[in-house]
Amino acid sequence: MSNGTADSQAFSPGEETSEIAKNNPSAFLSQITGAKVAVKLNSGVEYRGDLQCVDGYMNIALEQTEEYVDGVLKNQYGDVFIRGNNVLYISSI
């Protein structure tokens with residue numbers, strides 16, 4: 001229960017935004033839209049490109065995309081659409 005005093009800890013706006021992104025995947029994805037990302041699929045294939053959008057089903061649109069299989073560049077694509085149920089993780093790079 002609060003006694004009406006302010007907390008002794010203060011957050012700068014950057015720290016608060018960072019903390020929100022750690023605890024909220026939607027906020028994290030909003031922050032990295034337009035940035036370079038790596039998307040790893042359940043199959044082990046990794047796509048690296050510019051994140052254009054992500055929807056509620058985790059469907060992902062990338063531009064200027066490179067496909068890596070076992071860490072080796074296999075193909076380059078302009079635009080790529082990845083169905084969300086295939087995604088293992090998304091990471092900013």
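Up top is the structure.
Residues numbered from 1 in each chain as written. Predicted model: local features only at pLDDT ≥ 70, side-chain atom pairs only at ≥ 80, totals over all residues. Heavy atoms only, no water.

Ordered by their spatial adjacency, 5 strands build an open sheet running β4-β3-β2-β1-β5, and the pairing between neighbours is antiparallel. The open sheet terminates on both sides in strands that have one partner only, identified here as β4 (72–82) and β5 (87–92). For this sheet, the mean inter-axis angle between neighbouring strands, taken without regard to orientation, is 25°. Against the sheet, helix α2 (residues 25–32) engages β1 (36–41), β2 (46–54) and β5, with an angle of about 55° to β5. (Pairing = 2+ DSSP bridges. Helix = DSSP H or I, 4+ residues; strand = E, 2+ residues; numbered from the N terminus. Axes fitted to C-alpha atoms, helices over the stretch in contact; angles between N-to-C directions. Contact = heavy atoms within 4.5 Å.)

Turning our attention to unusual backbone geometry. Positive phi, close to 70°, is recorded for Met58, a residue that is not glycine. If you trace the backbone, Met58 turns up in the loop between β2 and β3 (60–69). Taking the relative accessible area as the measure of exposure, Met58 reaches 31% and is therefore partly exposed. (Buried < 20%, exposed > 50% of the residue type's maximum accessible area, 1.4 Å probe, protein only.)

Side chains of a nonpolar character, in soluble globular proteins, are inclined to be buried together. With 14 residues, the main nonpolar core has Val39, Ile60, Leu62, Ile82 and Ile90 as its most contacted residues. Counting residues per element, the ones that place at least two in this core are α2, β1, β2, β3, β4 and β5. Top element by residues in this core is β1. It accounts for 3 residues. Dropping the residues within four chain positions of it, Val39 is found in contact with Val45, Glu46, Tyr47, Ile60, Leu62, Ile82, Val87, Tyr89 and Ile90. (Core = buried A, V, L, I, M, F, W, Y, C linked by side-chain atoms within 4.5 Å.)

Any functional reading would require information beyond the geometric quantities listed.
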